[in-house]
Amino acid sequence: MNPTPMQARLMAAALFLVLLGLWELLVRQWGLSALVLPAPSAVAQALWSGLASGYFWPHIWATLQALFLGLAAGSIVGLLAGMALAESELLERVLKPYVVVSQVVPKLALAPLFVLWFGFGLLPTVLITALICFFPLMENTLAGLRQADAQRLQLFRMLGATRLQTLLRLKLPMGLPAILAGLRVAVVLALVGVVVAEFMGSSQGLGAVVIAAQGMMDTTLMFAALVLIAVIGLLLYQGCLLLERRLLRAHAFPASSLSATFPPRSRGNS
Amino acid sequence: MRTEGATVAFLDIEKVVFTYPGRAPVVDGVDWRMQAGEFHCLLGRSGCGKTTLLKLAAGLLRPQAGRIVLRGGELAAPGPQVGFMFQAPTLLDWLSVLDNVLLPVSLQRRPTPQDQQRALQLLDQLGLASHAPHHPRQLSGGQQSRVALARALVLEPPLLLLDEPFAALDAITRAELQDDLLRTCRERGTTVLFVTHDINEAVYLGDRIALMHGGRIVENWTITLPLPRTQAMRHGPAFNDYCARVRAAMDGAGT
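Residues numbered from 1 in each chain as written. Chains lettered and ligands numbered in written order. Predicted model: local features only at pLDDT ≥ 70, side-chain atom pairs only at ≥ 80, totals over all residues. Heavy atoms only, no water.

Chemist: Help me out: how do you make sense of the overall build of chain B in this one?
Modeler: The helix and strand tally for chain B stands at 8 helices and 10 strands. Computed over C-alpha atoms, the radius of gyration of chain B comes to 18 Å, within 12% of the 18 Å expected from 2.2 N^0.38 for 255 residues, which places it in the range of a compact globule. Its C-alpha atoms put chain B at 50 × 45 × 35 Å along the principal axes. Scored against the burial criterion, the 255 residues of chain B give a buried share of 56%. As displayed, chain B has an accessible area near 10,400 Å², and 52% of this comes from carbon and sulfur atoms. (Helix = DSSP H or I, 4+ residues; strand = E, 2+ residues; numbered from the N terminus. Rg over C-alpha atoms; globule rule 2.2 N^0.38 Å. Buried < 20%, exposed > 50% of the residue type's maximum accessible area, 1.4 Å probe, protein only. Areas by Shrake-Rupley, 256 points an atom, 1.4 Å probe, with all protein chains shown as cover.)

Chemist: I tried to follow the side chain of Thr184(B) on my own but got confused; where do I start?
Modeler: By secondary structure assignment, the location of Thr184(B) is in helix H6 (residues 171-188). Among all residues touching Thr184(B), those that are not within four sequence positions of it are Leu122(B), Gln125(B), Leu126(B) and Leu153(B). (Contact = heavy atoms within 4.5 Å.)

Chemist: Is there a simple way to explain the pairing of strand E10 (residues 216-222) of chain B in this structure?
Modeler: Each regular strand displays side chains that alternate between the two surfaces of the sheet. Residue and element names in this part refer to chain B. One ladder, built from 6 bridges, connects strand E9 (residues 208-213) with E10; its direction is antiparallel. Within E10, the residue paired with His213 across the bridge is Arg216. In this structure, the hairpin formed by E9 and E10 is closed by a connection of 2 residues, where Gly214 is found at a positive phi of approximately 55 degrees. (Pairing = 2+ DSSP bridges.)

Chemist: Explain the interface of chain A and chain B here, please?
Modeler: Size of an interface, as often reported, equals the accessible area lost when the parts are brought together. Listed by partner, the interface residues are 27 residues for chain A and 34 residues for chain B. Summing the contributions of chain A and of chain B, the shared interface buries around 3,000 Å²; its carbon and sulfur component is 57%. Remark: the boundary between chain A and chain B carries 0 salt bridges. For the interface between chain A and chain B, the tally reads 5 residue pairs in polar contact (both at pLDDT 80 or more). For the side of chain A that touches chain B, the secondary-structure elements that each account for two or more residues are helix H7 (150-158) and helix H8 (163-201) of chain A. Taken together, the residues of the side of chain A that touches chain B sort by class into 14 nonpolar, 9 polar and 4 charged. (Buried area = accessible area lost by both parts, 1.4 Å probe. Salt bridge = Lys/Arg side-chain N within 4 Å of Asp/Glu carboxyl O. Polar contact = N/O pair within 3.5 Å; in protein donor to acceptor, adjacent residues only side chain to side chain. Nonpolar A, V, L, I, M, F, W, Y, C, P; charged D, E, K, R; others polar.)

Chemist: What is the right way to look at the confidence of the model for chain B in this model?
Modeler: One rule of thumb: low pLDDT means the predicted coordinates there are not for detailed reading. All names here are of chain B. Averaged over all residues, the pLDDT of chain B equals 84, while 96% of them reach at least 70. Across residues 1-6 the pLDDT falls below 50, and counting only partners more than four positions away or on other chains, this stretch makes 7 contacts in the model. Under the prediction, the complex receives an ipTM of 0.82, its pTM being 0.78. (pLDDT = per-residue confidence, 0-100.)

Chemist: Even after reading the chapter, I still don't get the packing of aromatic side chains, so can you show me in this structure?
Modeler: Each aromatic ring pair is specified by the distance between its two centres and by the angle formed by the two planes. According to the stated counting rule, one finds 10 aromatic pairs over all chains in the structure shown. Relative to Phe194(B), the ring of Phe166(B) has its centre 5.9 Å away and its plane inclined at 50 degrees; by these criteria the two rings are tilted. Of this pair, Phe166(B) sits in the loop between strand E7 (159-163) and H6 while Phe194(B) sits in strand E8 (residues 191-196), and the two are 28 residues apart along the sequence. A connected cluster of aromatic rings, assembled from ring pairs, spans Phe114(A), Trp117(A) and Phe118(A). Seen from the ring of Phe135(A), Lys107(A) lies directly overhead, with NZ or CZ sitting 4.4 Å from the centre. (Phe/Tyr/Trp six-rings, centres within 6.5 Å; stacked < 30°, edge-to-face > 60°. Lys NZ or Arg CZ within 6 Å of the ring centre and 35° of its normal.)

Chemist: Teacher, can you tell me more about the pattern of salt bridges here?
Modeler: A side chain of one charge can pair with a side chain of the opposite charge when the charged atoms of the two come close. Residue and element names in this part refer to chain B. Evaluation of the coordinates by the stated rule reveals 24 salt bridges over all chains. Of the charged contacts, one joins Asp93 and Arg137 as a salt bridge, the two residues approaching to 3.3 Å between their closest N and O atoms. Linking Asp93 in the loop between strand E6 (82-85) and helix H2 (97-101) with Arg137 in the loop between helix H4 (113-125) and helix H5 (141-153), this pair joins segments that are 44 residues apart in sequence. Given a relative accessible area of 30%, Arg137 falls into the partly exposed group. Put simply, Asp180 and Arg183 hold a salt bridge, and the shortest N to O gap is 2.5 Å. Highlighted residues: Asp180 and Arg183, both in helix H6, separated by 3 residues, approximately one helical turn. Through salt bridges with shared partners, one network takes in Arg146, Glu176, Asp180 and Arg183.

Chemist: Explanation requested: the nonpolar core in the structure shown.
Modeler: Across soluble globular proteins, nonpolar side chains have a tendency to be buried as a group. Residues and elements named next belong to chain B. Leu160, Leu181, Phe194, Val203 and Ile209 are the most contacted members of the largest nonpolar core, which totals 51 residues. When near neighbours in sequence (up to four residues on either side) are disregarded, Leu160 contacts Gly83, Phe84, Leu149, Ala152, Leu153, Leu181, Cys185, Thr190, Thr191, Val192 and Leu193. In this structure, Leu61, Ile68, Leu92 and Leu103 belong to the second largest nonpolar core, which totals 43 residues. (Core = buried A, V, L, I, M, F, W, Y, C linked by side-chain atoms within 4.5 Å.)

Chemist: Looking at this model, I keep getting lost on the packing of H5(B) against H6(B). Mind explaining?
Modeler: Working note: a packed helix pair is described by the angle between its axes plus the distance between those axes. All names here are of chain B. Interhelical geometry of H5 versus H6 gives an angle of 15 degrees and a closest axis separation of 11 Å. Taken together, the axes of H5 and H6 lie roughly parallel to each other. Judged by the sense of rotation from one axis to the other, the crossing of H5 with H6 is right-handed. For the pair formed by H5 and H6, the contact residues are Gly142, Ser145, Arg146, Leu149 and Leu153 on the first element and Thr173, Glu176, Leu177, Asp180, Leu181, Thr184 and Arg188 on the second. Residue classes in the contact of H5 with H6 are distributed as 4 nonpolar, 4 polar and 4 charged. (Axes fitted to C-alpha atoms, helices over the stretch in contact; angles between N-to-C directions. Parallel < 35°, antiparallel > 145°, perpendicular 65-115°, else oblique. Left-handed = near helix turned anticlockwise from the far one by under 90°.)

Chemist: Help me understand the pairing of E8(B) in this model?
Modeler: Of all 6 residues that make up E8(B), 6 are buried, and the element is covered over most of its length. The side-chain alternation of E8(B) yields two buried faces, one formed by Thr191(B), Leu193(B) and Val195(B) and the other by Val192(B), Phe194(B) and Thr196(B).

Chemist: I would appreciate a short explanation of the sheet that holds strand E1 (residues 11-18) of chain B in the present structure.
Modeler: Backbone hydrogen bonds hold the strands of a sheet together, and the pairing may be parallel or antiparallel. Residues and elements named next belong to chain B. The antiparallel open sheet is built from 4 strands, whose spatial order is E2-E1-E4-E5. The strands lining the two open edges of the sheet, one partner per strand, are strand E2 (27-34) and strand E5 (73-74). In this sheet, E2 lies alongside E1 in antiparallel orientation, the contact comprising 6 bridges. Residue pairing across strands places Asp12 opposite Arg33, the latter belonging to E2.

As structure tokens, then:
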């Protein structure tokens, strides 16, 4: 008995409800202090009142702003750097050791340094996030652009394509799956980066809310902020999957589905 | 029709030598001439240098000695005057079949409606008209090879170079594609140089066959089977006689 995707999803949702119910029951049975572990109902209430009163919104906005700015900056620079390294052998040989070293340095450990250099507020948060997003994008772009095979490269030479045409119309489309996989990693890391950076250097944002809640010993509020962070993460991840599905539609045609049985859904030039 | 010994050949390969650094020459002094509209097959075992010679003729490689003259001008770089077909179809998976065929055009300029028309007509001739909006992965191997052939012909190059393009196909599909290739190239008067290791294929397709061994052309034949070729000829005595002679020469060269 294999469950359909819908059934599997329902089962996952049911499990979630059961776990929440257990949690609620345990907290009530044992009379745990809300300081240690608040009941889900209390968290939900804190979440609701925070949203209704407008307390959370500026923080959500601040976190999203830093996240998207950092993600955009880091991804674009990472993409361009990956393209430059992939195209220039010299550049790659000179810079690769630095890239490897900077890979093994935990970027989050630089957060205090960034606060020292750039002060408190949006700027260090964005910079940390950008730095974190930079590496997966650069690495995957570099690897992705190398995926073009010798025959297709020869085809483009044979057709008199310029170097830029070869990059944009052969190497980049061929590397797109790898590049988007890098983006998916970057998005998840970016959220971690934003929250941790906000722990240290910010009075705005959900990370700052967590720290403030800790200071006020308001564990319920802390849980509510964590729920919001988790929801943002889930939405971003889903967004990435959606983007991949859209952009990779042409890549993803299964090799076995011959045209005779294939529904005419890919009309028009891509 | 044939003008052997004419003053200017269509494609003139003169004493061409090509060596990868630190190894024996892959192509070791090859002379070969082709007249316009001829179909020549370059036959040989793996590693005899036939693919390298084809890449030299395409301008993908530069010879260390000798020269290659195409229509009176020395060949400097690859370009749209030469169509090339690789061992694999090498289509771009993310483009539709039509856009794949139009790739040689769209790398030069924006395709016009006439270009589209010509591409569709080529696809139609190759029996693929209904597949124009599909993507390569939705096609069978033989269909993909046809798309690659259409792509090689879309700019109507006077010279078409093919590197064992049908080697991976089953026998029946290969025979169909051979007929398609012959018909399409005869209609356009395209000059064709076809690399293969299959004696049967070389005799069926070629007006002339050059046998390569150890980087040199060691033997050549003019095939005088009637045109157009038909599949029934494969079972005739003349065809099999050619095959036997070529086979004997190949065995002789191998020892």
